[in-house]
Amino acid sequence: MAASSAADRIVIENCAIATVDADDTEYASGHVVLAGNRIESVGAGRAPAGLENVVSRIDATGHLATPGLVNTHHHFYQWLTRGLATDHNLFDWLVALYPTWARIDEPMVYAAAQGSLAMMARGGVTTAMDHHYVFPRGCGDLSGAIVRAARETGVRFTLARGSMDRGESDGGLPPDFAVESLDDALAATEATVREHHDASFDAMTQIAVAPCSPFSVSTELMRHGAELARRLGVRLHTHGSETVEEEKFCHELFGMGPTDYFESTGWLGDDVWMAHCVHLTDSDIAAFARTRTGVAHCPSSNARLAAGIARVPDLLAAGVPVGLGVDGTASNESGELHTELRNALLVNRLGAHREAALNARKALRLGTYGGAQVLGRAAETGSLEAGKLADLVLWRMDTLAHSSIADPVTALVLGAAAPVTASFADGRQIVEDGRLLTVDEDAVARSTRDEAQRLATIAAQT
């Protein structure tokens, strides 16, 4: 649907533009016109003359315009437990932190969501997601709190309503009081979808069905979760093939590797995306490609937990949709996505493909269009094209940090974190000169510090 001719227009001119469209079209100096919540035009030179209802004109000289960044994997609640268990692998890290995570409540989760969202949004993210799977008994309306924080921040948002039904007494890692029963998990997930999911083109809030991982979820929850998602017409998300320990666990418990297990439970398909996928064989990659199952690549977290290097070049060559993820800030303390552009490129060049693994433009595509593909929203966002949603970032490239790097895309990906002069989500400006316009960053910093201290005190007492 095109924007209305009567819509208020924002005209952006004189900037370099990386559209990340199918042809990787770029302009050394061009314009973007936003009309309402849509992109009306993108092209070289100045904007068309005679435009009506222009409410703002931005001279973006010295800037690079890109699609807004798209985050495909996160755990917002972990904002309250950053900097802990810093020398652990995944399983030991989970064992160390689950007793604390099991004490979260609604005010903590709301504050953590505010912090996580604010950090991403001020760094160029316009589409975010959260995989929340810890629901201690009596903790309040955690899903509602997360959705509320996203709406207040102003980003486009997918809540992956997670679940766990395999506690310590059943051989899982989380404490028993922090997991749900099979029936309760399915009922609560369906209720969340019915209350919050918006299937429209310009939806700001969508819900996915997201049992946590094979080692914290029963086979019944995996199977019934997939059936529920497809009955409700929403996407599916989980963790997959993150560590060698997970591979061993799946063989011991299920008699097969993670990818075969996922396929046996209905968890491969073009409506599915999985986080990490570090330890995939050639046959696993072929299965992902055949089914168009997506991957959320989280290079910083994978390095932090010593999980390994995902085979991103091989996934892309096979045609697998791949986006980037921050992952929870208990395993990626920076909590912003620009780092993942750079680390995706650098980490993958340490793998088998070396310097041919990724380049700057492929990294930018992972963080924009690739992420939109993974979230099932590539028709709406992820590239700067007429008719798409007005999700756009202006990165300043004429400061000391970047001014001597001739190519602006290389400057963005390989350089220091670029200042965000303006960020628009759904046509609404949410960042100006590096500061959020929608929430008070200083107030969020205070509330997250207070809630982190309260959580630490409660965990220590129990």
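All values derive from a computational prediction rather than experimental measurement.

1. Brief notes about the overall build of the chain
Check the secondary structure of the chain and you find 14 helices and 17 strands. Its C-alpha atoms give the chain a radius of gyration of 21 Å, near enough to 23 Å, the size a compact globule of 462 residues would have. If you line up the chain on its principal axes, its C-alpha atoms span 70 × 45 × 45 Å. Taken over 462 residues, the chain has a buried fraction of 60%. When the accessible surface of the chain is summed, it comes to about 16600 Å², and 50% of that surface belongs to carbon and sulfur atoms. Treating the 37 positive side-chain charges of the chain as one cloud and the 59 negative ones as another, the clouds have centres 3 Å apart.

2. Looking at the side chain of E380
Structurally, E380 can be placed in the loop between α12 (360-374) and β14 (392-396). On the basis of relative accessible area, E380 is assigned to the buried category, the value being 9%. Beyond its immediate chain neighbours, meaning those up to four positions away, E380 contacts F201, K388 and L389.

3. Observations regarding the UniProt feature "domain: Amidohydrolase-related" (unreviewed entry) in the chain
The feature "domain: Amidohydrolase-related" (unreviewed entry), as given by UniProt, occupies residues 65-399 in the numbering adopted here. When the span residues 65-399 is considered, its composition is 41% helix and 15% strand, and the gap between its end C-alpha atoms is 16 Å.

4. A few points about unusual backbone geometry
The backbone of H276 sits at a positive phi, close to 85°, despite the residue not being glycine. A positive phi angle is found at D327, which is not glycine, with a value near 65°. The exposure class assigned to D327 is buried, which follows from its relative accessible area of 3%.

5. Concerning the nonpolar core
Most often, soluble globular proteins have nonpolar side chains that are buried together. Formed by 111 residues in total, the largest nonpolar core has its most connected members in W93, W101 and L117. Broken down by element, this core gets its largest block of residues, 9 residues, from helix α2 (residues 106-122). Taken domain by domain, the makeup of this core includes at least three residues from each of domain 1 (9-67 + 383-436) and domain 2 (69-375). Filtering out sequence-adjacent residues up to four positions away, W101 remains in contact with Y77, Q78, T81, W93, L94, Y133, V134, P136 and A330. I12, L384, A390 and L392 belong to the second largest nonpolar core, which has 16 residues in total.

6. Notes on the domain arrangement of the chain
If you check the domain split of the chain, you get domain 1 (9-67 + 383-436) and domain 2 (69-375). With centres defined by C-alpha atoms, the gap from domain 1 to domain 2 works out at 29 Å. Contacts between the two partners involve 38 residues from domain 1, matched on the other side by 29 residues from domain 2. Counting each side, the surface lost to burial between domain 1 and domain 2 is near 2500 Å², with a carbon and sulfur contribution of 60%. On the domain 1 side of the interface with domain 2, the three residues burying the most area are V20, V413 and L436, jointly 21% of the side's total. For the pair domain 1 and domain 2, the interface holds 5 salt bridges. Taking the shortest distance from any N to any O, the salt bridge between D407 and R361 comes out at 2.8 Å.

7. A closer look at the pairing of strand β15 (residues 420-425)
With 6 of its 6 residues buried, β15 lies for the most part within the structure. Bridge count for β14 against β15 is 4 bridges, and the pairing is antiparallel. Looking at β15, one finds that V393 is bridged to S423. The pairing of β15 with strand β16 (residues 428-432) spans 4 bridges and is classified as antiparallel. Residue pairing across strands places S423 opposite V431, the latter belonging to β16. Where β15 folds back on β16, the antiparallel hairpin that results is connected by 2 residues, among which D426 adopts a positive phi of roughly 60°.

8. Side note on the layout of surface pockets
Volume-wise, the largest pocket comes out at about 190 Å³. Lining of the largest pocket is provided by 15 residues; of these, H197, Q206, R235, L375 and G376 occupy positions nearest its centre. Its residues assigned to classes, the lining of the largest pocket comprises 6 nonpolar, 6 polar and 3 charged.

Cut-off values and rules
Residues numbered from 1 in each chain as written. Predicted model: local features only at pLDDT ≥ 70, side-chain atom pairs only at ≥ 80, totals over all residues. Heavy atoms only, no water. Helix = DSSP H or I, 4+ residues; strand = E, 2+ residues; numbered from the N terminus. Rg over C-alpha atoms; globule rule 2.2 N^0.38 Å. Buried < 20%, exposed > 50% of the residue type's maximum accessible area, 1.4 Å probe, protein only. Areas by Shrake-Rupley, 256 points an atom, 1.4 Å probe, with all protein chains shown as cover. Lys, Arg positive; Asp, Glu negative; His and termini not counted. Charge placed at Lys NZ, Arg CZ, Asp CG, Glu CD. Contact = heavy atoms within 4.5 Å. UniProt positions renumbered as here; feature names shortened; annotations may be inferred. Core = buried A, V, L, I, M, F, W, Y, C linked by side-chain atoms within 4.5 Å. Domains from an automatic or database assignment. Buried area = accessible area lost by both parts, 1.4 Å probe. Salt bridge = Lys/Arg side-chain N within 4 Å of Asp/Glu carboxyl O. Pairing = 2+ DSSP bridges. 1 Å grid on protein atoms, 1.4 Å probe; cavity = no way out; pocket = protein on both sides within 12 Å on 5 of 7 lines; lining within 4 Å. Points joined across faces, edges and corners; volume = space filled by probe spheres on them. Nonpolar A, V, L, I, M, F, W, Y, C, P; charged D, E, K, R; others polar.

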